[in-house]
Amino acid sequence: MAKVLMKGNEAIAEAAIRAGCQAFFGYPITPQSEIPEYFSRELPKRDGIFLQAESEIAAMNMVMGASASGARVMTSTSGPGYCLKLEALAAMTLTRLPAVIVVVMRNGPAFGTMKAAQEDYRMTGNGGYKVLTFAPSTVQEAAEMVFEAFDIADQYRNPVVVLADGMIGQMMGPVDFDKVPAKRLELPEKGWALHGKNSRGGEPIFHFIPEGRTHYGEKYEAETVLYPEIIRNETRVETKGLDDADIVLTAYGTAARMCKAAQEILGDKIKLGFIRPKTLWPFPYDAYNQIGPGCKAIICPEINIIGQMIDDVRIAAEGRWPVYHVGDSANDFLTPQQIVDKVLEIWEGK
Amino acid sequence: MKFNVTFNVERCKGCEICVEFCPKKILWLDRNYLNQAGIHPAMITNQEECIGCTNCALMCPDAIISIEKIDA
Amino acid sequence: MSIVYKKPESLNDTPFTFCPGCTHGIILKLVTSVIDELGIGGDTIAVGCVGCGGYMPWFMNLDTIYSLHGRAPANATGIKRMNPDKVVFTYQGDGDLASIGTAEIVHAAHRGEKITTIFVNNTTYGMTGGQMAPTTLAGQRTTTSPYGRDPAHCGNPIRMSELLATIDGAKFIERVSADSPSNVRKARKAIKRAFECQLEGRGFSMVEVLSTCPTNWGKTPVEALERVRTEMIPYFPLGNFKDY
């Protein structure tokens, strides 16, 4: 199939259907309403189930029921809806149910504005859990990550979040669906799926925690077995020019693309290194150990006012380099020029 | 004896609902016995008088009562 | 010897952990005996709730899932949409269905979801120690209405059967009571008709069962059944509100 130009939200939905998504439950919210709209047109034509739920809470609980029934299922939302989904998301990590949750971020807190942003980096439900969180920075990458998320969720029996900023959802971009990753082999059978006990030779199943486990046994195993396995196998990062960098830029999503634009503006004047996390959890702490001895500072551009990813960058830096945030100004969206200005400010200050 | 009423006495919680609804008033909490929970469990005083109405078994919240009809 | 009454097959062998005299035990026997009679146990998925009724999954010889507070109808929607030929029912208390879960039950009925809901109404939040519920009667003392529920402060109790019956997608709504053998027998008939409504693919069905909470009402089990008769039935009239 040739490359097509698609809106990010629609490419995300199309990639999901190609990955075998059987059901979508969601709710309208800017800037991702095109995702439920696309599913509402396409899923009925392709043997899937689309249902607009009465709220994001209900949608996520429908996802939980459908996932417990063995289906490949997805929901999508923005920051305010992600808050509402957290209880059910936490429940799904406890009961080991797979699903894909796409969050297209906008400015917050609460209703905030419709402006694209990166303000939902560290949202988590109660009780301590981890979910693999992808951070695409192009429409193509969003399609690929959503496609792969279904396999990953099934492989680990854990939900997967794809965290895109509003720009990626709304922009048009080239997508080549032939380039999405191959399906993972050896995905386990879903013998635990709810279809009535006759489907299991008369053995009933109770979806609470996996059989034979206690609640704390299950949490302990997640901490000591499941999460280390995901960290080992699924951490992803893109790095460039770290050996001889004067200053390292680190960002994800659209902010990462702005770093590339900032580099074009600066030219060869300063040697810039580049670390782009592609998974936010597991965070690629190790990539920061590859920064060369000549580095003077790390700059962390984010589309927000209060930095969020910067906390993880400071952990990774381990005090070896100062870490600076550059973000939205009071009146403006983050721009490549702001990143350039920050680089020059640090560079000239030394 | 037309009906045989049995009680899983170890699971009786002594709620007395069966005693209340027996139309023949032939159920009681057996003061001569204590089950493993320290409760006087429900028992039938006279199987002969049971008419098989199943009120007791129907109302028992712990499903401890079973009733069989003895064919003549 | 022929069996006149025995425990339903769709109940497993685990002793009920409900309080002595709690009507949950009676209602679960009715639901499972209907499931046995209709021969659907092997194809049924039971959706639990948060509340004393939340213990239901532990006692069922059926596929079950434990759902978040109020969200059972949404879980059930996801399960039924993926399993349209199976039987799905929710088992919910008054806090679960009429408080936090009001949106979910209204919209399940609104969409005409082919699920069955068993609504256990005992005018109290039992599990958490006897707080006020949306169904608590005016003047009733609870741990969060210690001076008696004051309608001027927080309204009169909500009648969910009447409310849901106004929704087109709801095809069978009936209120019954567990307070006496004759009412329990009528309750079983309603529960059976509600499951048949689902089996015939007609739409949403619900049976509201007036129930007791002897522990939090401070009454003996028999006195608690009496309260259903003398105080609850006058405000929550028994009968059918929607039929097919």
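See the structure above.
Because the structure is a prediction, the values reported are computed rather than measured.

**Some remarks on the overall build of chain C**
And step 1. Across its full length, chain C carries 10 helices and eight strands.
And step 2. The globule rule puts the C-alpha radius of gyration for 244 residues at 18 Å, and the 17 Å found for chain C is close to it.
And step 3. Taken along its principal axes, the extent of the C-alpha atoms in chain C is 50 × 45 × 30 Å.
And step 4. Relative to its 244 residues, chain C shows a buried fraction of 60%.

**Looking at the overall build of chain A**
And step 1. Scanning chain A for helices and strands turns up 10 helices and 15 strands.
And step 2. For a compact globule of 350 residues, the expected C-alpha radius of gyration is about 20 Å, and chain A comes in at 21 Å, within 12% of that figure.
And step 3. Across its three principal directions, the C-alpha atoms of chain A cover 75 × 45 × 40 Å.
And step 4. Counting only residues that meet the buried cut, chain A has 52% of its 350 residues in that class.
And step 5. Once local pairs closer than 6 in sequence are excluded, the contacts in chain A between residues at least 24 apart make up 79%.

**Considerations on the interface of chain B and chain C**
By convention, interface size is frequently given as the accessible area that disappears when the constituent parts associate.
And step 1. The interface is formed by 24 residues belonging to chain B together with 22 residues belonging to chain C.
And step 2. Of all elements in the fold, only α1 (17-21), α2 (55-59) and β4 (65-69) of chain B reach the threshold of two or more residues within the side of chain B that touches chain C.
And step 3. Class assignment of the residues belonging to the side of chain B that touches chain C gives a composition of 11 nonpolar, five polar and eight charged.
And step 4. The sheet contact formed by β4(B) and strand β1 (residues 2-5) of chain C spans three bridges and is antiparallel. In the strand pairing of β1(C), B:K69 is matched with C:S2.

**Comments concerning the nonpolar core**
And step 1. In terms of nonpolar packing, the biggest core is built from 203 residues, with A:V100, A:V102, A:V146 and A:V162 touching the most fellow members.
And step 2. In terms of residue count, the dominant contributor to this core is helix α5 (residues 139-156) of chain A (11 residues).

Scoring rules and cut-offs
Residues numbered from 1 in each chain as written. Chains lettered and ligands numbered in written order. Predicted model: local features only at pLDDT ≥ 70, side-chain atom pairs only at ≥ 80, totals over all residues. Helix = DSSP H or I, 4+ residues; strand = E, 2+ residues; numbered from the N terminus. Rg over C-alpha atoms; globule rule 2.2 N^0.38 Å. Buried ≥ 20, exposed ≤ 12 C-beta atoms within 10 Å, placed from the backbone. Contact = placed C-beta atoms within 7 Å. Nonpolar A, V, L, I, M, F, W, Y, C, P; charged D, E, K, R; others polar. Pairing = 2+ DSSP bridges. Core = buried A, V, L, I, M, F, W, Y, C linked by C-beta atoms within 7 Å.

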